Amino acid sequence: MDFEEIKKPDQNQFTVKSNIKNYDDSYEKSSWDEIYSELDWLPGGGLNKAYECIDRHVKNGLGEKIAILWEGKNGEEEIYTFKQLKDLTDKFANVLNSLGVKLGDRIFVFMDRLPECYIAVFGGLKIGAVVGPLFSAFGPDPVKDRMEDAGAKLLVTQPELRRKISNMLGDLNDLQNIIVVNKDNRDNNPLIEQDLSYEELMEKSSSDFSIANTSQYDYSIMHYTSGTTGKPKGAVHRHQAIVQQYATGKWALDFHHDDIYWCTADPGWVTGTSYGMFAPWSNGITQVIYEGGFSASKWYSIIEKYKVSVWYTAPTAIRMLMKSGEKPVKQHDLSTLRFIGSVGEPLNPEAVIWGNKNFEQPIHDNWWQTETGAIMCANYASMNVRPGSMGKPIPGIELAILDKDFNPLPPNKSGLLAVKPGWPSQFHAYWNNSERYNSRFKKSWYITGDEALMDEDGYFWFQGRSDDVINTAGHLVSPFEVESALIEHPAVAEAGVIGIPDKIAMEVVKAFVALNVGYEWDEKLKREIMRFAREKLSAGVAPRDIGYVDSLPKTRSGKIMRRLLKARELGLPEGDTSTLEDD
Ligand code: AMP
């Protein structure tokens with residue numbers, strides 16, 4: 001291991017030389033047109049993500065190659081080849097067809113990481129639907145907000161998740177069908193009222209299907225993402241995004257044909273689709289899908305058992321592995337592992353160094369977000385990793401640091417991280433919200449909402465968010481969404497929500513509430529409000545703690561000053577309070 005001293009702001013940085021040198025430099029010279037030519041277009045000239053990820057491999061003689069190595073939470077094992085995946089997704093596309101789903105209709109998939117979740121998503125893409133995967137830990141409110149906003153026509157789910165959201169389904173005016181997957185007959189009472197059985201529909205369906213001739217500009221996937229104000233916004237991506245997902249699989253995750261790949265992200269978040277579906281399968285890579293949750297020894301045993309060679313995970317997970325110590329690492333043979341990537345939050349330098357020691361290789365941080373659809377900035381396999389840096393822009397991507405007037409800043413100045421629009425996986429709308437979409441573009445730049453700086457060698461360094469959005473365990477949480485849920489509790493008059501630092505999850509959600517007349521603040525009420533929020537939202541989004549205030553600090557125009565709440569909570573300087581409303 002070579003450590004190389006470099007000058008860097010605020011941390012004692014050094015570079016870690018990568019031990020992998022198989023990054024193909026010719027890609028540096030590739031234009032997007034060359035990448036397009038590596039894909040198979042549909043016979044009619046269109047582009048469809050499902051065709052690129054599944055059908056073309058079957059056409060090109062890879063039908064017997066393994067696409068999915070699945071392990072269930074109870075230890076069940078299933079294997080699917082690309083040919084089996086083609087047949088099942090064709091069948092499911094026929095099911096959707098028989099239910100009247102048409103090009104451009106929105107369908108949602110609210111499932112755990114079951115093979116049927118992937119079949120439903122790709123079946124939907126084959127028919128030209130816009131698919132919205134939902135995080136299975138969500139409670140009824142986030143599911144309702146998303147499906148209602150998108151005008152969802154159909155939902156694919158599983159019995160216990162269906163029951164969790166039953167009370168709100170009647171409010172969704174556009175919803176026509178609910179398909180319930182009862183995996184391995186796990187549930188004794190899977191169907192409610194007019195629900196349709198996935199197993200019965202699939203049994204009757206033919207695998208003879210002609211994929212919809214979608215154009216590269218047709219919408220494919222939508223992921224809802226959080227902002228400071230308003231409900232989450234549905235970032236919509238086109239089929240064209242596959243071009244960059246395919247390319248970055250090679251460039252940033254170093255995919256090679258024989259890799260066994262494991263992405264630990266859930267398909268309810270963009271990493272779980274772009275890199276848990278599209279990037280690996282457009283490259284014809286075998287991937288492991290593990291239904292269960294986190295446990296250090298289980299995760300290491302997954303790597304060992306399936307001989308994972310490329311692993312894409314998140315800083316919170318790495319910090320949890322660090323916490324569990326070196327012993328479980330040593331108890332497993334992880335020698336197949338040759339590339340580790342990380343995304344979603346800042347990857348602290350200690351984690352890179354810990355990975356280097358324990359996995360005998362650096363962890364390659366990269367940066368992107370829901371709206372960008374694919375990796376934009378990365379520590380490549382071939383380059384020296386600078387622990388704490390998100391690396392350099394991928395070929396064909398222009399990133400810049402802008403001042404508050406949206407003009408580029410020189411190196412080593414912190415400012416707004418921006419992207420030159422026109423990258424292939426760029427989102428193309430916030431569903432039903434063109435005003436919000438347009439507000440993200442300033443002076444010919446897309447403004448990411450992050451603050452960063454670029455050093456003199458072109459490496460980018462994350463500095464923080466430029467808004468109040470909370471990043472907890474790599475998931476963005478809108479304070480507004482949590483506040484809206486809290487004020488539905490009869491005791492709560494108003495609520496303000498902030499992120500407070502956490503050793504593992506980077507930030508956790510903390511709320512402050514003022515009470516309605518007739519309510520007294522005590523431990524019992526606090527617990528009751530926390531439970532209420534968890535049921536409505538999900539454990540990951542609901543506040544970890546709630547504090548009581550007489551009233552929330554607000555601007556004269558009535559906006560909650562979360563910045564001030566946070567400063568008071570953390571004992572930081574309060575800054576400019578000139579707009580603060582008088583008490
Ligand atoms: P999401 O849209 O939910 O995928 O979240 C994207 C946000 O996560 C970015 O705008 C950043 O704030 C944060 N993020 C993603 N990757 C990184 C990274 N490598 N370093 C620091 N923050 C990151």
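Rules behind the numbers
- Residues numbered from 1 in each chain as written.
- Predicted model: local features only at pLDDT ≥ 70, side-chain atom pairs only at ≥ 80, totals over all residues.
- Heavy atoms only, no water.
- Helix = DSSP H or I, 4+ residues; strand = E, 2+ residues; numbered from the N terminus.
- Contact = heavy atoms within 4.5 Å.
- Areas by Shrake-Rupley, 256 points an atom, 1.4 Å probe, with all protein chains shown as cover.
- Lys, Arg positive; Asp, Glu negative; His and termini not counted.
- Charge placed at Lys NZ, Arg CZ, Asp CG, Glu CD.
- Near = heavy atom within 4 Å.
- Polar contact = N/O pair within 3.5 Å; in protein donor to acceptor, adjacent residues only side chain to side chain.
- Nonpolar A, V, L, I, M, F, W, Y, C, P; charged D, E, K, R; others polar.
- Phe/Tyr/Trp six-rings, centres within 6.5 Å; stacked < 30°, edge-to-face > 60°.
- Buried < 20%, exposed > 50% of the residue type's maximum accessible area, 1.4 Å probe, protein only.
- Lys NZ or Arg CZ within 6 Å of the ring centre and 35° of its normal.

Peer 1: Any chance you could explain the overall build of the chain here in plain terms?
Peer 2: Check the secondary structure of the chain and you find 18 helices and 29 strands. Along the first, second and third principal axes, the C-alpha atoms of the chain reach 70 × 65 × 50 Å. In the chain, of all internal contacts separated by at least 6 residues, the share reaching a separation of at least 24 is 69%. Entry remark: accessible area of the chain is about 22,900 Å², with carbon and sulfur atoms responsible for 48%. Taking the average location of the 65 positive side-chain charges in the chain and that of its 82 negative ones, the two points are 1 Å from each other.

Peer 1: What is the right way to read the site of the ligand from this model?
Peer 2: The ligand sits among 17 residues. The nearest are Asp365, Asn366, Gln369, Thr370 and Asp450. Within the side chain of Gln369, a nitrogen or oxygen atom sits 2.9 Å from an oxygen atom of the ligand. The fraction of the free accessible surface of the ligand (500 Å²) that becomes covered by protein chains is 95%. Looking at the shell around the ligand, the element that brings in the most residues is strand β16 (residues 363-367), giving 3 residues. For the shell around the ligand, the residue count by class is 8 nonpolar, 5 polar and 4 charged.

Peer 1: What should I look at first to understand the side chain of Arg162 in this one?
Peer 2: Structurally, Arg162 can be placed in helix α7 (residues 159-169). A distance of 2.8 Å separates polar atoms of two side chains, one belonging to Arg162 and the other to Asp195. Excluding residues within four positions of it along the chain, Arg162 makes contact with Thr157, Leu169, Ile178, Val180, Ile192, Glu193 and Asp195.

Peer 1: Got a minute to help me understand the packing of aromatic side chains in this structure?
Peer 2: Remark: the centre distance and the inter-plane angle together describe each pair of aromatic rings, the angle taken between the planes. In the structure shown here, the tally under the stated rule is 29 aromatic pairs. With centroids separated by 5.6 Å and ring planes inclined at 70°, the aromatic side chains of Phe122 and Phe278 adopt a geometry described as edge-to-face. Taken as a pair, Phe122 in helix α5 (residues 115-127) and Phe278 in helix α10 (residues 270-282) lie far apart in primary sequence, 156 residues in all. Phe278 sits in the buried class, given a relative accessible area of 1%. Among the aromatic residues, ring-to-ring pairing joins Trp262, Phe294, Trp299, Tyr300, Trp311, Trp354 and Phe359 into one connected group. Its end group placed over the ring of Trp70, Lys183 keeps NZ or CZ at 4.8 Å from the ring centre. The ring of Tyr459 has Arg386 sitting right over it, with the charged end atom 4.0 Å from the ring centre.

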